[in-house]
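# Observations on the model geometry
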Amino acid sequence: MVARKFVPSPRSCSFATRADASCSPMHRPVPQRRLRGADHLHPGSAGSTPSHSREDLAKVEWRALLGCLPSPPPVLVPTMPSSDLLGPETHGSPWSKRRAMSRSRPSTPLPPVHRLPDELLVAIFSLLDVRSLCAARRVCKAWRTCSSDPVLWYRQYARAFGDTDAETPRELLRHAHTASMRSFEWDRAFAEQYLDDRRVAQNWMMGVGRCAEYVQFQSFVRSFSFRRDQIAVGFFDGTVCAYKFGSGAVRVFRESHLDQVVAIDLDDDVIVSGSGPPFWLDRVSVDNSVRVWDARTDQCLRVCTGHTSGIVAVKLTREFLASASRDTTVCIWSRHNNYSLLHRLEGHQATITALQWVRQGAHAAPLLLSSSHDGTIRLWDPWTGACLSVFGFEQTQTASRSVRSMHYYAGQLLVGYMSGRVVLYDLDTARRELRHVREYLKAGLAETRPALSVYFDHDKVAILSGDQVVRVMAYASARPVFNMFGLTIFASTLQADRTRLISDGRNFIIDVHDFSSASPPHDDPLIQIFR
């Protein structure tokens, strides 16, 4: 075997001492270094044998490179005249030189949007939603100052929490005026209320709540309605009472109806109750009146008589009182004229089941929705008494298409049918349209599962079915969250708000479940989702 001659690379270090003193810094002579075990492997060294492989020779070459390469040359930084750029005070610090060089560069002109006056920026930011406004706060200091304007966040606060039933937003918006609007931190108030709403919504979606109160009465509960901390209850024996949550005191009204109180409603000033037989009893009512009570003095202010059969629903608004009867008519009473009869609305072909006031906009005129067993939902104008539109299926009295309950919130209408179906619709009163959105419960047996009462908001949907089960579902995904069992056959009413769920399915007792104070469990967040 003939050994190949080893030729080192130009950058490699030579094993012989170079004597050339005029070479470049990269090829400066370095002292000869002796590698252990390298002399007998190098072809030119004494005692070398040609029996070593090519890989061993390559290892020796790399060891020579790593051990004998000269140090890298110094980095040359170009010098600049100190009198022009750096100044006499910046000779020693490289950071000061960089700052001086950056100051010497020509400044980039600002975009046109950054040259707008603050008043115009605030006007532009007033058109944004909350997420876009929060993103604008992170652009620059000027935008953060303009987007923190109290008037902007007051409008966002009123838009997001103006319709809520929470006590804090209602009190803040009630006492807000021009003098104190700019002195109040509305952005901080918005953040606190938003976090509180998210915490309550998380408790609902996890089924984490507590039974805040058991309100027990002396008679069978037939209907109830609550507003904030006040609840009005109607009983099977015709009496009406008022109760304030947490007080333990029940105020029973002196005068009473002659039949069951099947419908009741209230606001801050009055309580309205209607009497008649229940839906499942086909008998003549002995009391077809609607009574108006003073919520403070418990005195009967007015007895409204105009129906020829039992009352099935009553609803209040700031201007009107609406009452529906089993005689398929709806009566509109004027609150500003001592509850005088304005209009008698006719058009349904079967018993009316529910009433709902609709007000699309803070300053819009109220409209009335009425549902019936004929499968239709009618939209009425209470000022003129005209029927504006008819929604639903063709007029039929089959149980699969009969409407049993409905609830309106934020431009959408949740409808419960006698078959058990619960469907969400988009309601456009301007175009007179009712568009299908999603379905929460499928159709079941009409005899066992009518949707007796429904409620929804942007987080949850609550349904009381004829099988005595309260089902709470997620609004966006229609996912079941939790169920409430143990109700009796007399359960007919379910109401809720942002933090409370109230039902009447325990004969003498009204259950109040609170979801505001309960904290989500940290160890198992999915506990108690299904009971």
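Over its 21 residues, helix α10 (residues 186-206) extends 30 Å from the first C-alpha to the last, a length consistent with the 30 Å expected when each residue adds 1.5 Å. If you check which residues of α10 are buried, you get Trp186, Ala189, Phe190, Gln193, Asp197, Val200, Ala201, Asn203, Trp204, Met205 and Met206. Gly207 sits one or two residues past α10 and shows a positive phi near 70°.

Within strand β14 (residues 352-358), seven of the seven residues are buried, which leaves the element mostly enclosed by the surrounding structure. Pairing geometry for β14 and strand β15 (residues 367-372), over six bridges, is antiparallel. Residue pairing across strands places Leu355 opposite Ser370, the latter belonging to β15.

A word on the pattern of salt bridges. Counted according to the given criterion, the structure contains 20 salt bridges. A salt bridge links Asp196 to Arg199, with the nearest nitrogen and oxygen atoms 2.7 Å apart. Taken as a pair, Asp196 and Arg199 lie in helix α10 at a separation of three residues, close to a single helical turn. A residue is classified by how much of its surface remains accessible, and Asp196, at 22% relative accessible area, is partly exposed. The salt bridge partner of Arg210 is Asp514, with a shortest N-O separation of 3.6 Å. Remark: Asp514 occurs in strand β28 (residues 509-514) and Arg210 occurs in strand β1 (residues 210-216); sequence separation between them is 304 residues.

Another point: the sheet that holds β14. Ordered by their spatial adjacency, four strands build an open sheet running β14-β15-β16-β17, and the pairing between neighbours is antiparallel. The open sheet has two edge strands with one neighbour each: β14 and β17 (387-392). Going from strand to strand, the sheet's axes swing by 20° on average, the running direction of each strand aside. Relative to strand β16 (residues 376-380), β15 is paired through four bridges, and the arrangement is antiparallel. The residue bridging Leu368 from the neighbouring strand is Trp380, located in β16.

Moving on, we come to the side chain of Asp287. Here Asp287 is to be found in the loop between β7 (270-275) and β8 (290-294). Within the buried set, Asp287 has no salt-bridge partner at all; the shortest N-O distance to an opposite charge, 4.7 Å, is to Arg291. A distance of 3.2 Å separates polar atoms of two side chains, one belonging to Asp287 and the other to His257. Polar contacts involving the side chain of Asp287 include one to the side chain of Ser289, which spans 2.6 Å. Among residues more than four places away in sequence, those in contact with Asp287 are His257, Leu258, Asp259, Ser275 and Gly276.

Our focus in this paragraph is the sheet that holds strand β10 (residues 311-316). Pairing in this open sheet of four strands is antiparallel, and the strands run β10-β11-β12-β13 from one edge to the other. In this open sheet, the two strands that pair with only one neighbour each are β10 and β13 (340-346). On average, each strand axis in the sheet is tilted by 20° relative to the strand beside it, whichever way the strands run. In terms of strand pairing, β10 meets strand β11 (residues 320-325) through five bridges, oriented antiparallel. What sits directly across from Val314, in β11, is Ser323.

Enumeration according to the criterion identifies 20 aromatic pairs in this entry. Aromatic pair Phe190 and Tyr194: ring centres 6.4 Å apart, planes at 5°, arrangement stacked. Of this pair, Phe190 and Tyr194 are both found in helix α10, four residues apart, which corresponds to roughly one turn of the helix. For Phe190, a relative accessible area of 7% translates into the label buried. Overall, Tyr194 belongs to the partly exposed group, its relative accessible area being 38%.

A few words now on the nonpolar core. Trp204, Leu464, Val470, Val472, Phe482 and Leu501 are the most contacted members of the largest nonpolar core, which totals 19 residues. If you list the elements that add at least two residues to this core, you get α10, β22 (451-456), β23 (460-465), β24 (470-474), β25 (480-484) and β26 (494-496). Ignoring anything within four residues of it in the chain, the contact list for Trp204 reads Lys460, Val472, Val481, Phe482, Asp497, Arg498, Thr499, Arg500, Leu501 and Phe515. Grouped together as the second largest cluster of nonpolar side chains are 18 residues, Trp143, Leu152, Trp153 and Leu173 included.

Moving on, we come to the environment of Thr317. In this fold, Thr317 is placed in the loop between β10 and β11. Overall, the relative accessible area of 11% leaves Thr317 in the buried class. In sequence terms Thr317 and Pro366 are 49 residues apart; their C-alpha atoms lie 8.1 Å from each other. Contact partners of Thr317, with chain neighbours within four places excluded, come to Arg335, Trp357, Arg359 and Pro366. Among the polar contacts listed, one links the side chain of Thr317 to the side chain of Arg359, at a separation of 3.2 Å.

Next up on the list: helix α7 (residues 150-161). The terminal C-alpha atoms of α7 lie 16 Å apart, and with 12 residues this matches the ideal 16 Å at 1.5 Å per residue to within 8%. When we look at burial in α7, the residues that qualify are Pro150, Val151, Leu152, Trp153, Tyr154, Gln156, Tyr157 and Phe161. Put simply, Asp149 is the residue that caps the front of α7, since its side-chain oxygen is 3.0 Å from the backbone nitrogen of Val151.

Basis of the calculations
- Residues numbered from 1 in each chain as written.
- Predicted model: local features only at pLDDT ≥ 70, side-chain atom pairs only at ≥ 80, totals over all residues.
- Heavy atoms only, no water.
- Helix = DSSP H or I, 4+ residues; strand = E, 2+ residues; numbered from the N terminus.
- Expected span 1.5 Å × (residues − 1).
- Buried < 20%, exposed > 50% of the residue type's maximum accessible area, 1.4 Å probe, protein only.
- Pairing = 2+ DSSP bridges.
- Salt bridge = Lys/Arg side-chain N within 4 Å of Asp/Glu carboxyl O.
- Axes fitted to C-alpha atoms, helices over the stretch in contact; angles between N-to-C directions.
- Lys, Arg positive; Asp, Glu negative; His and termini not counted.
- Polar contact = N/O pair within 3.5 Å; in protein donor to acceptor, adjacent residues only side chain to side chain.
- Contact = heavy atoms within 4.5 Å.
- Phe/Tyr/Trp six-rings, centres within 6.5 Å; stacked < 30°, edge-to-face > 60°.
- Core = buried A, V, L, I, M, F, W, Y, C linked by side-chain atoms within 4.5 Å.

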